[in-house]
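# Remarks on the overall topology
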Amino acid sequence: MSYVLQQLLTESAKRHPDKLAVTARDGGLTYRELDERSNQLAHFLQARGVKKGDRVGLYSSKCPELVAAMFGILKAGAVYVPLDPQAPIERISYIIGNCGIKGLITSKERLPGLDPAAILSVSFAVLVDSDSQDANHVGWNELSKFPAATAPQIDATTHDLAYILYTSGSTGRPKGVMLTHENALTFIEWCFDTFHMTSEDRVSNHAPLHFDLSVFDVYDSIKAGAALYMVPEEVTMFPTSLANFMEKNQITVWYSVPSALVLLLLHGNLKPERVPHLRTILFAGEVFPMKYLRQLADLLPHIDLYNLYGPTETNVCTYYRVDRQKLKMQDKLPIGKACGNTEVFAVDENDHFIGKGELGELYVRGPCVTPGYWADPEKTASMCLPNRFQPHYEEKMYRTGDLVTPDDDGEYLFLGRRDSQIKSRGYRIELGEIEAALLGHPSVKEAAAVAIPDEEVGNRIKAFVSLNNGDAMSAAQLQQHCATSIPKYMIPEMIEFREDLPKTSTGKIDRVNLAKAPAVA
Amino acid sequence: MKEQIRQFVMENAQAKGITHVADDESLMAAGIIDSLGIFRLVSFLEDTFRVRISDDEIVPDNFQSINHIESFVAAKLAKKTDAAPAR
């Protein structure tokens, strides 16, 4: 049995040494190569002073070397932190400082953007796309000087941290969700059984590595001894290229956000005869618009479709297998029931467990639940609560903030949020973080970000802003300001300037009314 | 034509906080255009230049940069003129 993630690779490398493990644009690594490369990186990291629990960042566009790096970091007993290669430098620098990243696995294209003065904790950088070497940078080939046959000996347990994923934070800064080997393996093992993964599978990796959908792609594929096909970023932009990618690589299991599937459906020229090997589609991250889901279910009648649900803090905690008969009548797709080794329940405001037709907040308990947020005990204490429903021993449960109700079959339906977190294109966004970015401009007096529901992307973001007396600026200028601190998918598409923002009776900005305001051209 | 394309791309770029776009710069790598932005761009090109763009033509070779978009649209327009029946 595997109790740490790196064992999944070591085991598969023994069984399928010469099989393709991972590929991206061209070339790729066999299981033996992946295992040896990650062993070498682990020895290199140790030589550079990386100790158990230290953080190492991944900062590059997708390539097989990044997968080798994930395993190499784990084999050194360290924790990897995938950084969004598209995020603004200020945000990357914040994350590096926040969790004290000691070294970076990066690329020639990314590294020069970083200001060494802003990332003082970083003492070395390995370039995945370079074989040359100087004082500050280590070429990928340099790793071949280190032992390949075995990983360094470390005492590892299933409770060790494996990776940290940063998500939007309501107070204006991203927060780092800590995930242990046990957290990840709980999900990976359940997927492995539920989706019948085998070494014959050809698994896509559509999501970026800083997004937890990729945990299934990478680890279930490796555990099965299957082949992992990383979708290059530029291919994800073009639906026909994406459909060609699926066809050419004979993908058998696909996992992505619904909005990627909607684009494939509407513009990808996807036909059953082009993807005869495809057997399972998993989707998560946002609500799948029913109209398009029905079209997809009709277009690909023999493919199993699963809706997976869960915040980064628990990875996936509930699932629902699409039933084509029921789909015709359903007006909402259930998020379903708990995954294996997981319990979910919902309670109302009075802490009573809810029944059919009642609304409650969803809680999750089990080994999938995060130990908390990096260096943020306050936030951790507010989300990961002691299980007050079970008084006999200490245990944590996660409060999702998602409002749900059970349907007639006991499957949960997602009805909304308790707070101002939204989803847009599958990205999890705290409106508070956008407001903090807007307020960071000295001319901005008040700011409110609201979500405008949209069938294709889930939500579009609009901001209402009032300026200090005498100040003037354009929407484009303010958007430009936002781009220095928040990712592009969080920048408000529309900005409306008002003299003053409307207030509620308690003096707070009336976001509910603003969200209903008709669009001003 | 190029000026109109450039202007549309710039408007998109500005909404993402980008102030300068070179004609040969990769619109995708720089995050100027995302997967949905491409379809807005396609609608814009179809409406402005009276061309029909099929899903098969929405590929990196045609949309990588302002220069690529221009030659793609120019080629489409040239074809359209050739194909027009003689009166």
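Residues numbered from 1 in each chain as written. Chains lettered and ligands numbered in written order. Predicted model: local features only at pLDDT ≥ 70, side-chain atom pairs only at ≥ 80, totals over all residues.

The helix and strand inventory of chain B stands at 4 helices and 0 strands. If you list the helices and strands of chain B from N to C, you get α-α-α-α. The C-alpha atoms of chain B give a radius of gyration of 13 Å, which matches the 12 Å a tight globule of 87 residues would have. Dimensions of chain B, computed from C-alpha atoms along their principal axes, come out at roughly 50 × 25 × 20 Å. Residues counted as buried form 26% of the 87 residues belonging to chain B. Taking the contacts inside chain B whose residues are at least 6 apart along the sequence as the reference set, 55% of them involve residues at least 24 apart. (Helix = DSSP H or I, 4+ residues; strand = E, 2+ residues; numbered from the N terminus. Rg over C-alpha atoms; globule rule 2.2 N^0.38 Å. Buried ≥ 20, exposed ≤ 12 C-beta atoms within 10 Å, placed from the backbone. Contact = placed C-beta atoms within 7 Å.)

Counting its secondary structure elements, chain A contains 15 helices and 27 strands. The C-alpha atoms of chain A give 23 Å as radius of gyration, which agrees with the globular expectation for 521 residues (24 Å, within 12%). Taking the principal axes of the C-alpha coordinates as reference, chain A spans close to 70 × 55 × 55 Å. The proportion of buried residues among the 521 residues of chain A is 49%. A separation of at least 24 residues holds for 65% of the contacts in chain A among residues at least 6 apart in sequence.

Okay, the sheet that holds strand β27 (residues 494-497) of chain A next. Either a parallel or an antiparallel arrangement is found when strands of a sheet pair, and the pairing is made through backbone hydrogen bonds. All names here are of chain A. Ordered in space as β25-β26-β27, the 3 strands form an open sheet in which the pairing is mixed. This sheet does not close on itself; its edge strands, each paired only once, are β25 (444-454) and β27. Shown here is a sheet whose adjacent strand axes are inclined to one another by a mean of 25°, direction ignored. When β25 meets strand β26 (residues 458-467), the two strands line up antiparallel, connected through 10 bridges. If you follow P453 over to β26, its bridge partner there is N459. Contacts between helix α13 (residues 431-439) and the sheet are confined to β25 and β26, with β25 contributing the most and set at about 145° to the helix. (Pairing = 2+ DSSP bridges. Axes fitted to C-alpha atoms, helices over the stretch in contact; angles between N-to-C directions.)

Moving on, we get to helix α5 (residues 181-194) of chain A. Residue and element names in this part refer to chain A. Taking 1.5 Å of rise per residue, the 14 residues of α5 would be expected to cover 20 Å, and the 20 Å separating its terminal C-alpha atoms lies within 8% of that figure. A large share of α5 lies buried, amounting to 10 of its 14 residues. On its buried face, α5 sits against β8 (161-167), β9 (175-180) and α6 (213-224). Looking at the residues trailing α5, positive phi occurs at H196, about 50°. (Expected span 1.5 Å × (residues − 1).)

The next point concerns the interface of chain A and chain B. With 21 residues of chain A in contact, the opposing surface of chain B contributes 17 residues. Per-element accounting of the side of chain A that touches chain B gives the leading share, 5 residues, to helix α14 (residues 475-483) of chain A. By residue class, the composition of the side of chain A that touches chain B is 9 nonpolar, 8 polar and 4 charged. (Nonpolar A, V, L, I, M, F, W, Y, C, P; charged D, E, K, R; others polar.)

All names here are of chain A. Even without glycine at this site, H196 takes up a positive phi of about 50°. Its location among the elements puts H196 in the loop between α5 and β10 (202-205). Positive phi is not limited to glycine here, since R425 has a value of about 50°. Within the secondary structure, R425 is located in the loop between β23 (421-424) and β24 (427-430). Under the C-beta neighbour-count criterion, R425 is labelled buried, with 21 such atoms within 10 Å.

Moving on, we come to the nonpolar core. All names here are of chain A. Within the largest apolar cluster, 178 residues are counted, with the highest numbers of intra-cluster contacts made by L34, L58, M70, V81 and I164. When residues of this core are assigned to their parent elements, the largest contribution, 8 residues, is made by helix α3 (residues 64-75). Structurally, this core is a two-domain feature, drawing no fewer than three residues from each of domain 1 (6-236) and domain 2 (421-516). Once you skip the residues sitting within four places of it in the chain, L34 turns out to touch L9, A13, A21, V22, L29, V67, A68 and F71. (Core = buried A, V, L, I, M, F, W, Y, C linked by C-beta atoms within 7 Å. Domains from an automatic or database assignment.)

What follows is about the confidence of the model for chain B. Any residue range with low pLDDT should be treated as having predicted coordinates unsuitable for detailed reading. All names here are of chain B. Of all residues in chain B, 94% attain a pLDDT of 70 or more, and the chain-wide mean is 87. Taking the mean pLDDT of every element in chain B, the minimum, 89, falls on helix α4 (residues 66-83) and the maximum, 91, on helix α3 (residues 60-63). For this predicted complex, the interface score ipTM comes out at 0.84, while the overall pTM is 0.92. (pLDDT = per-residue confidence, 0-100.)

This next bit is on the environment of Q40(A). All names here are of chain A. Note on placement: Q40 falls in helix α2 (residues 31-47). Along the chain, Q40 and K145 lie 105 residues apart, while their C-alpha atoms are 7.8 Å from each other. Among residues more than four places away in sequence, those in contact with Q40 are L143, S144, F146, P147 and A148.

Taken domain by domain, chain A comprises domain 1 (6-236) and domain 2 (421-516). On the side of domain 2 of chain A, 12 residues touch domain 1 of chain A, which itself brings 12 residues to the contact.

Residue and element names in this part refer to chain A. At a minimum axis distance of 8 Å, the contact between helix α1 (residues 6-15) and α2 shows a crossing angle of 140°. Taken together, the axis directions place α1 and α2 in an arrangement best described as oblique. Crossing angle aside, the handedness with which α1 passes α2 is left-handed. Listed contacts from α2 to L9, T10, S12 and A13 of α1 are Y31, R32, L34, D35 and S38. (Parallel < 35°, antiparallel > 145°, perpendicular 65-115°, else oblique. Left-handed = near helix turned anticlockwise from the far one by under 90°.)

What follows covers the pairing of strand β5 (residues 103-106) of chain A. Residue and element names in this part refer to chain A. Both faces of β5 are covered, namely the face carrying G103 and I105 and the face carrying L104 and T106. The pairing of β5 with strand β6 (residues 124-127) spans 4 bridges and is parallel. Bridging across to β6, G103 finds its partner in F124.

Once that is clear, we can look at the pairing of strand β15 (residues 318-321) of chain A. Residue and element names in this part refer to chain A. Relative to β15, strand β14 (residues 304-309) is paired through 4 bridges, and the arrangement is antiparallel. Paired with N307 across the strands is Y320, a residue of β15. Direction of pairing for β15 relative to strand β16 (residues 337-338): antiparallel, over a ladder of 2 bridges. Within β16, the position partnered with Y319 by the bridge is K337.

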